[in-house]
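Understanding the architecture of this molecule
The primary structure of each chain is shown beneath.
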Amino acid sequence: MPLESMPLASGYLKSTLLADAEISTRVDVSIHNFRGGTTNTVMANALFSGDPPDVLSFSVLGWNYQSFGALAATFKQLNPNGLVIFGGTHVTNQAARVFRMFPEVDVVVNGEGELTFRELVRARLAGADKNDLGSVAGISFRGTDGRTVTTQERPRINDLEEIPSPFLTGALELTDANGEFRYDVALMETNRGCPYKCAFCYWGGAVGQKVRAFSMDRLRRELEMFAKLKVHTVVACDANFGLLPGDLDFVEALIETRDTYGFPRALETSWAKNKSKTFFKIVRRMKEAGMHSSFTLALQTLSDNALETMNRRNMKVNEWEDLAAWLDNEGLDCYAELIWGAPGETVESFMEGYDRLARRVSRIAVYPILLLPNTDYMEKKELFGITATRGDHDDFEYVLAHDTMTFAENQHMQRFLFWARVVAENAVFRYIWGSLRHFAGLTQSRVLLNLGDWIAEADDPAAVPLREFMATAAGGTDSFGAAISYFYTEAEAERLLRRWWDESILPLVPAEFRPLLDEIFRFDLLTQPVFRPGNAASLPEALPVTEIRDEKYYVRKDVHLAYDVPAIVGALRRDVEPDLSPSPRVLDLYYRTGSESAVTSTNHEIVIHFMGMTKEQILANANANANANANANANANADSDAGPAAGAAAGEQLGERLPLADGDAPDPQPPSSHSPLTIHLLPPDKGRCA
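Attention in this report is confined to the structure presented alongside it. (Residues numbered from 1 in each chain as written. Predicted model: local features only at pLDDT ≥ 70, side-chain atom pairs only at ≥ 80, totals over all residues. Heavy atoms only, no water.)

1. Things to note about the overall build of the protein
Tallying secondary structure elements over the protein gives 28 helices and 21 strands in all. Considering only contacts in the protein between residues 6 or more positions apart, those separated by 24 or more positions represent 75%. In the form shown here, the protein has an accessible surface area of approximately 28,000 Å², with 49% of it arising from carbon and sulfur atoms. (Helix = DSSP H or I, 4+ residues; strand = E, 2+ residues; numbered from the N terminus. Contact = heavy atoms within 4.5 Å. Areas by Shrake-Rupley, 256 points an atom, 1.4 Å probe, with all protein chains shown as cover.)

2. Quick look at the pairing of strand β19 (residues 551-561)
Across 4 bridges, the pairing between strand β18 (residues 545-548) and β19 is antiparallel. From the neighbouring strand, Ile548 faces β19, where its bridge partner is Glu551. Where β18 folds back onto β19 in an antiparallel hairpin, the turn is made up of 2 residues, including Arg549, whose phi is positive at roughly 50°. Of the strand pairs in this sheet, β19 and strand β20 (residues 585-592) are connected by 7 bridges, and their pairing is antiparallel. Note that in β20 the partner of Leu561 across the bridge is Arg585. (Pairing = 2+ DSSP bridges.)

3. Thoughts on the sheet that holds strand β7 (residues 186-188)
Ordered by their spatial adjacency, 3 strands build an open sheet running β7-β10-β11, and the pairing between neighbours is parallel. If you trace the sheet from one side to the other, it starts and ends with β7 and β11 (266-271), each paired once. Each neighbouring strand pair of the sheet contributes to a mean axis angle of 25°, computed without reference to strand direction. In terms of strand pairing, strand β10 (residues 233-241) meets β11 through 5 bridges, oriented parallel. From the neighbouring strand, Phe241 faces β11, where its bridge partner is Trp271. Contacts between helix α8 (residues 216-228) and the sheet are confined to β7 and β10, with β7 contributing the most and set at about 175° to the helix. On top of the sheet, helix α9 (residues 245-261) reaches β7, β10 and β11; it is set at about 175° to β10, its chief contact. (Axes fitted to C-alpha atoms, helices over the stretch in contact; angles between N-to-C directions.)

4. Regarding the environment of Ala123
Here Ala123 shows up in helix α6 (residues 114-125). Classification of Ala123 as buried rests on a relative accessible area of 14%. Once the C-alpha coordinates of Ala123 and Val136 are considered, the two residues, 13 residues apart in sequence, prove to be 8.3 Å apart. Beyond its immediate stretch of four places on either side in the chain, Ala123 contacts Ala128 and Leu133. (Buried < 20%, exposed > 50% of the residue type's maximum accessible area, 1.4 Å probe, protein only.)

5. Section: the packing of helix α13 (residues 347-358) against helix α18 (residues 444-457)
Their axes nearest at 8 Å, the elements α13 and α18 cross at an angle of 110°. Viewed along their axes, α13 and α18 adopt a mutual orientation that is roughly perpendicular. Residue-level inspection shows Met351, Tyr354, Asp355 and Ala358 of α13 in contact with α18, the latter providing Gln444, Ser445, Leu448 and Leu449. Split into classes, the residues belonging to the contact of α13 with α18 amount to 5 nonpolar, 2 polar and 1 charged. (Parallel < 35°, antiparallel > 145°, perpendicular 65-115°, else oblique. Nonpolar A, V, L, I, M, F, W, Y, C, P; charged D, E, K, R; others polar.)

6. A word on the pattern of salt bridges
Under the criterion given, the structure shown has 40 salt bridges. Its salt-bridge partner being Arg122, residue Glu22 comes within 3.9 Å of it at the nearest N-O pair. Of the two residues, Glu22 sits in helix α2 (residues 21-24) while Arg122 sits in helix α6, which places them 100 residues apart along the sequence. On the basis of relative accessible area, Arg122 is assigned to the partly exposed category, the value being 29%. Between Asp395 and Arg390 there is a salt bridge whose closest N-O contact spans 3.3 Å. Accessibility expressed as a relative area gives 33% for Arg390, which makes it partly exposed. Residues joined in a network through salt bridges with shared partners are Asp459, Asp460, Glu492, Arg495, Arg499 and Glu503. (Salt bridge = Lys/Arg side-chain N within 4 Å of Asp/Glu carboxyl O.)

7. So, the nonpolar core
Within the largest apolar cluster, 178 residues are counted, with the highest numbers of intra-cluster contacts made by Met6, Trp419, Val423 and Trp500. The contacts of Met6, once residues within four sequence positions are left out, are Phe167, Leu172, Leu174, Phe181, Tyr183, Val185, Ala186, Leu187 and Phe226. Judged by nonpolar contacts, the second largest core, of 24 residues, contains Ala44, Phe75, Ala95 and Phe102. (Core = buried A, V, L, I, M, F, W, Y, C linked by side-chain atoms within 4.5 Å.)

8. Overview of helix α17 (residues 432-440)
One turn of the α-helix equals 3.6 residues, which is why residues spaced by three or four share an orientation. Inspection of α17 places Ile432, Trp433, Ser435, Leu436, Phe439 and Ala440 among the buried residues, and these make up the whole buried set. Next to the buried residues of α17 lie α16 (407-425), α18, α21 (491-505), α22 (514-526) and α23 (565-573). Downstream of α17 by a residue or two, Gly441 has a phi angle that is positive, lying close to 70°.

9. Quick notes on the pairing of strand β3 (residues 83-87)
Burial of β3 is extensive: 5 of the 5 residues sit out of reach of the surface. Burial along β3 is two-sided: the face carrying Leu83, Ile85 and Gly87 and the face carrying Val84 and Phe86 are both buried. Note: strand β2 (residues 55-59) against β3, 5 bridges, orientation parallel. From the neighbouring strand, Phe58 faces β3, where its bridge partner is Phe86. Taken together, β2, helix α4 (residues 65-78) and β3 form a β-α-β motif whose crossover is right-handed. Strand direction decides the pairing type here: β3 and strand β4 (residues 107-109), joined by 2 bridges, are parallel. (Right-handed = clockwise from strand over helix to strand, strands pointing away.)

10. With respect to the sheet that holds strand β12 (residues 295-300)
The 3 strands are arranged β12-β13-β14 in an open sheet whose pairing can be described as parallel. Of all the strands in the sheet, the pair left with one neighbour each is β12 and β14 (364-368). Taking each pair of neighbouring strands and ignoring which way they run, the sheet shows an average axis angle of 20°.

11. Structural notes on the packing of aromatic side chains
One pass over the structure, following the stated rule, counts 32 aromatic pairs. One aromatic cluster is present, built from ring pairs that chain together Phe241, Phe250, Trp271, Phe279, Phe280, Phe295 and Trp326. Cation over ring: Arg192 sits above Tyr12, and NZ or CZ is 5.3 Å from the ring centre. Seen from the ring of Phe480, Arg421 lies directly overhead, with NZ or CZ sitting 4.4 Å from the centre. (Phe/Tyr/Trp six-rings, centres within 6.5 Å; stacked < 30°, edge-to-face > 60°. Lys NZ or Arg CZ within 6 Å of the ring centre and 35° of its normal.)

12. Some words on the packing of α16 against helix α19 (residues 464-471)
The geometry of α16 relative to α19 is characterised by a closest axis approach of 10 Å and an angle of 120° between their N-to-C directions. Put simply, α16 runs oblique to α19. Every pair of crossing elements has a handedness; the one defined by α16 and α19 is right-handed. Where α16 approaches α19, its residues Arg415, Phe418 and Trp419 are matched on the opposing element by Leu466, Phe469 and Met470. The class makeup of the residues in the contact of α16 with α19 is 5 nonpolar, no polar and 1 charged. (Left-handed = near helix turned anticlockwise from the far one by under 90°.)

13. Describing the state of the cysteines
Applying the stated criterion to the full structure yields 0 disulfides. Between Cys198, a free cysteine, and Cys201, which holds the nearest cysteine sulfur, the sulfur-to-sulfur gap is 6.2 Å. Residue classification places Cys198 among the buried positions, given a relative accessible area of 9%. Exposure remark for Cys201: the relative accessible area of 31% places this residue in the partly exposed category. (Disulfide = S-S within 2.5 Å.)

Written out as structure tokens, the structure is:
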């Protein structure tokens with residue numbers, strides 16, 4: 001069963017309520033964490049099988065806007081006097097549209113939600129009318145005359161310690177029925193705020209441009225809790241990690257925690273756009289300690305004209321080539337981000353930039369431009385001549401054309417985006433790109449277009465699903481996810497890729513390099529994650545499982561290579577001419593178990609942690625003290641306040657009912673004048689960091 005995504009935003013809301021003495025004994029708060037793709041009917045049955053709550057609150061983004069509007073309507077059929085609250089970046093400052101589309105919604109929260117939500121609950125407990133909430137700052141509601149009323153703007157939360165930790169308070173249930181960490185990764189915020197105002201993004205507008213930090217003491221205690229639960233990967237949901245000197249302190253705390261307990265072993269985040277001295281200190285420290293991360297080059301475009309419209313012309317991020325070369329030479333994992341279709345971009349400038357970037361970074365995340373509420377691009381559609389349409393199943397506006405991009409050009413590029421996202425961004429291949437460029441003169445874009453053309457014409461039944469996925473990819477992410485899953489989970493996909501390679505790529509490679517390139521291609525396939533679905537009747541390959549530093553790995557023993565592929569690929573990354581003489585090598589490859597969530601998603605930052613690696617790489621990444629296990633066990637036994645038990649105890653002391661597991665229906669509360677106010681929170685059903 002794939003793991004859940006952590007509902008961090010809902011956890012903040014719940015912990016803020018339960019830390020308030022006036023509120024905590026008078027409310028019963030539940031978080032309903034539905035997986036992406038769950039139907040409205042399934043969600044409605046889970047939410048409303050018992051007595052409906054008094055308050056239903058939604059964390060809204062573009063992909064769940066329509067579904068949550070439908071659930072609000074169902075809720076009001078069952079409890080006409082109930083209160084429906086929408087919050088999140090997609091609805092902030094958009095109340096008039098929300099109320100017009102979904103009259104069942106009573107309140108829209110504008111900006112940060114924790115303190116505003118607490119005030120709304122206080123007002124509800126005090127008997128305030130939903131049409132008379134003018135005393136609550138930072139919201140929009142409908143007045144008694146039906147008109148939209150927007151209250152005064154709420155100041156940003158300067159002291160983030162006002163928001164209790166959802167982990168340390170037990171507001172967020174961290175373990176499943178077996179006592180295992182229930183989420184795919186642990187989400188944390190070390191700070192809030194973004195100093196930039198990029199035209200495509202509302203991050204800075206949503207949480208403020210001034211950057212504020214959580215206390216290091218709190219962050220250390222949260223890391224320790226995750227370590228005791230053997231959490232492999234922490235994701236810092238910061239806009240620009242590595243910008244503040246305190247970020248280095250956090251990394252030191254992460255490494256110290258790992259060295260004591262053996263976990264966490266990886267950090268993923270949105271790295272700072274401008275790479276300061278702090279960033280380089282962090283990178284060096286993480287390399288020295290064997291702490292893994294995917295370092296990001298958030299370029300978005302290499303076109304000067306597009307950078308101008310994005311409000312990013314003066315960012316140091318554009319001085320990227322030396323940085324990429326440095327990361328390559330250090331042997332560090334790096335990926336880049338590009339946006340296709342920004343005003344000012346053309347097909348020629350984008351493809352030129354893609355291949356220029358691919359010379360240093362093969363894993364390039366390519367996103368189509370979307371218009372988001374409250375952004376510069378949304379507000380300047382006429383200025384840039386933008387034509388857009390709303391998604392079929394979401395509420396994003398998909399750009400179809402503008403002054404520098406025609407309809408036809410955009411449609412042509414969608415096929416390239418599909419293969420770039422599925423195969424390169426999501427690391428179906430990692431090693432062939434640089435080798436094909438060096439030995440055969442084939443650019444990454446040419447190889448991707450070659451694959452797309454071949455799949456489109458292939459007389460092979462295994463190609464049919466991929467053609468269907470590609471045909472529907474322009475309107476959302478579902479088709480990308482389906483194609484990624486197909487490559488990683490279907491045995492026929494490997495055969496199909498081998499056929500494409502033999503028929504369409506190898507003939508383009510000079511004869512003297514074909515044996516080498518063929519072995520590099522094979523190594524790419526060999527190091528893909530091992531997928532073992534729990535309901536599989538039979539498996540194509542029986543692999544033993546071993547445990548290294550408290551984590552389980554599949555082992556593929558005695559892999560024979562005709563060339564030392566890792567050494568050759570490493571030399572190419574360092575711009576060193578490799579030794580191409582046949583040098584047979586035998587090695588064992590290890591693969592983390594539990595890849596089911598990673599390979600059935602579009603999260604390339606996580607899937608990379610399930611790729612095949614050597615035992616030496618694992619030990620370098622774990623790099624815990626020799627006594628780590630003993631220390632962890634001793635600490636766990638001596639410290640009865642820590643770990644899952646602490647979360648349960650905290651919950652019991654606060655008098656709360658712990659959050660519901662995915663799909664569980666709430667325990668019905670009998671109607672009574674003494675019953676607590678029941679509040680249901682629904683986090684986003686996709687994605688992670690807002």
